[in-house]
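Close look at the chain arrangement
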Amino acid sequence: MPGTTPLRFDIITIFPEFFQGPFEFGMVRQALKKNLISIAIHNLRDHTSDRHRTVDDRPFGGGEGMVLKPEPLFRAVNSIASQDFSLPACRTILLSAQGRRLTQDTVRELTDCRHLILICGRYEGVDERVTDHLATDEVSIGDFVLSGGELAACVLIDCIVRMVPGVLHNCRSNLNESFSRPSAATHPGDGIQEPATLDHPQYTRPENFQGLDVPPLLLSGDHQKIKLWRRRKALEKTLRNRPDLLEYGCLSEADKRLLKTEFEG
Ligand code: SAH
């Protein structure tokens, strides 16, 4: 929002050039232009003290590969944190396959912070003292192993930025999307917290594409019916693709009724 301090991201990486590009498109670019966020990239090698600018070493106890050393990472984070950005609520996030898995709830929580320092690992990972004594959070973007934390940092920034007030043109458009709960208006008076689902299917013109029709209900102009149809489609898709999000037993009576409803759409 105009007048508020931009949400600040500091990224620590051994590949600063990696970030030439990902922030130059779409919402992140707009947010940077509107000064709603700022992003600074720090080369980990600038925080080394030896002639070879060494950032990694062999693992104690033996084994394959190299591990990022603690000293440059501590130095890098401390040098960023000691600059006066007048930004409280700073979190230092280590991107790691061993971290807490990123969810939309975590994204919402992080959007409230004004300053995030992101540490990108490489090779076999980082010295565990960084995880235990420097990072406030260890975050994984999913159950797979990347070769570095840079892509994960881009993913994290992208999903946080679109939640920052003023970034989405239509600020209601992130209320009804995957992993959000339906608005109270869908089931008025029900009074219970509905489970989060995937988004409902979307259609646009043409009405008929190669013989494939758009569901007629969406053209009816009956907004209440459309709202209910969308919730039902979202529930069906969630039950089909992500049943883990939605145990049938946990559905509200209103949602159960909705799943039994006949729609001409
Ligand atoms: N040996 C580690 C993998 C290291 S991969 C393990 O098995 O857990 C190198 C770096 O890539 C990590 O330090 C981390 O910064 C990043 N990375 C890999 N997978 C990731 C994931 N799923 N989420 C976030 N970062 C990841």
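To be clear, the structure that these remarks concern was listed above.
Residues numbered from 1 in each chain as written. Predicted model: local features only at pLDDT ≥ 70, side-chain atom pairs only at ≥ 80, totals over all residues. Heavy atoms only, no water.

1. Quick notes on the sheet that holds strand β7 (residues 137-140)
Two orientations exist for strands paired in a sheet by backbone hydrogen bonds: parallel and antiparallel. Which entries qualify depends on this criterion: A pair of strands is considered paired only if DSSP assigns at least 2 bridges between the two. Secondary structure follows DSSP: runs of H or I at least 4 residues long count as helices, runs of E at least 2 residues long count as strands, and numbering of each begins at the N terminus. Inter-axis angles, ranging from 0 to 180 degrees, are taken between N-to-C directions of lines fitted to C-alpha atoms, where helices are fitted over the stretch in contact. Residue contacts follow a heavy-atom distance rule, with two residues in contact if any of their heavy atoms lie within 4.5 Å.
Taken together, the five strands give an open sheet; going across it, the order is β2-β1-β6-β5-β7, and neighbouring strands pair in parallel fashion. Two strands bound the open sheet, and with one partner strand each, they are β2 (37-43) and β7. Between one strand axis and the next, the sheet turns by 30 degrees as a mean value, whatever way the strands run. Judged from the six bridges that link them, strand β5 (residues 90-101) and strand β6 (residues 115-120) form a sheet pairing that is parallel. Looking at β6, one finds that threonine 92 is bridged to isoleucine 117. Sitting on the sheet, helix α3 (residues 104-111) is in contact with β5 and β6, with an inclination near 165 degrees to β5.

2. So, the environment of leucine 245
Under the convention used in this document: Partly exposed describes any residue whose relative accessible area lies between the buried limit of under 20% and the exposed limit of over 50%, with all areas from a 1.4 Å probe on protein chains only and scaled to the type maximum.
Summarising the element assignment, leucine 245 is placed in the loop between α6 (223-241) and α7 (253-260). What makes leucine 245 partly exposed here is its relative accessible area of 29%. Separated by 50 residues in sequence, leucine 245 and proline 195 have C-alpha atoms that sit 7.9 Å apart. Discounting chain neighbours no more than four positions away, the residues touching leucine 245 are Phe179, Ala196, Leu198 and Thr238.

3. With respect to the packing of aromatic side chains
Quick reminder of the rule: Stacked, tilted and edge-to-face are the three classes applied to pairs of Phe, Tyr and Trp rings, where Trp contributes its six-membered ring and a pair requires centres within 6.5 Å; stacked means planes under 30 degrees apart, edge-to-face means over 60, and tilted covers the rest.
Counted under the stated rule, the structure contains two aromatic pairs. Ring centres 5.4 Å apart and planes at 65 degrees place the aromatic pair phenylalanine 18 and phenylalanine 19 in the edge-to-face group. Residue classification places phenylalanine 18 among the partly exposed residues on the basis of a relative accessible area of 30%. Between phenylalanine 19 and phenylalanine 23, the ring centres sit 5.9 Å apart and the planes meet at 15 degrees, which makes this aromatic pair stacked. Like phenylalanine 23, phenylalanine 19 is buried. Ring pairs connect the aromatic residues Phe18, Phe19 and Phe23, which therefore count as one cluster.

4. Re the site of the ligand
Stated precisely, the cut-off is as follows: When at least one non-hydrogen atom of a residue lies within 4 Å of a molecule or strand, that residue is treated as near it. Each polar contact in these results corresponds to two N or O atoms within 3.5 Å; when the atoms are within protein, one needs to be able to donate a hydrogen and the other to accept it, and residues that are neighboring in sequence are counted only if both atoms are side-chain atoms. Per-residue and other accessible areas were derived by the Shrake-Rupley procedure at a 1.4 Å probe size, with only the shown protein chains allowed to occlude residues. Each residue is assigned to one class: nonpolar for Ala, Val, Leu, Ile, Met, Phe, Trp, Tyr, Cys and Pro, charged for Asp, Glu, Lys and Arg, and polar for all the others, Gly among them.
By nearness alone, 20 residues border the ligand, and Leu95, Gln98, Gly121, Phe144 and Leu146 come closest of all. Contact distances for the ligand include 2.6 Å between an oxygen atom and a backbone N or O atom of leucine 95. The separation between an oxygen atom of the ligand and a polar side-chain atom of glutamine 98 is 2.8 Å. Look at the ligand: alone it shows 560 Å² of surface, and the protein chains cover 87% of it. Those elements giving two or more residues to the shell around the ligand turn out to be β5 and β7. Among the elements that take part in the shell around the ligand, β5 stands out by supplying four residues, more than any other. Within the shell around the ligand, the residues separate by chemical class into nine nonpolar, nine polar and two charged.

5. Notes on the pairing of β6
Rules: Handedness of a crossover: with both strands directed away from the viewer, a clockwise path from the first strand across the helix to the second marks it as right-handed.
Buried residues dominate β6, accounting for six of its six residues. Residue alternation in β6 divides its side chains into two sets, His115, Ile117 and Ile119 and Leu116, Leu118 and Cys120, and both sets are buried. Where strand β1 (residues 7-13) lies against β6, five bridges are found, and the strand directions are parallel. Bridged to aspartate 10 within β6 is isoleucine 117. Once the chain exits β5 it traverses α3 before rejoining the sheet at β6, and the crossover so formed is right-handed.

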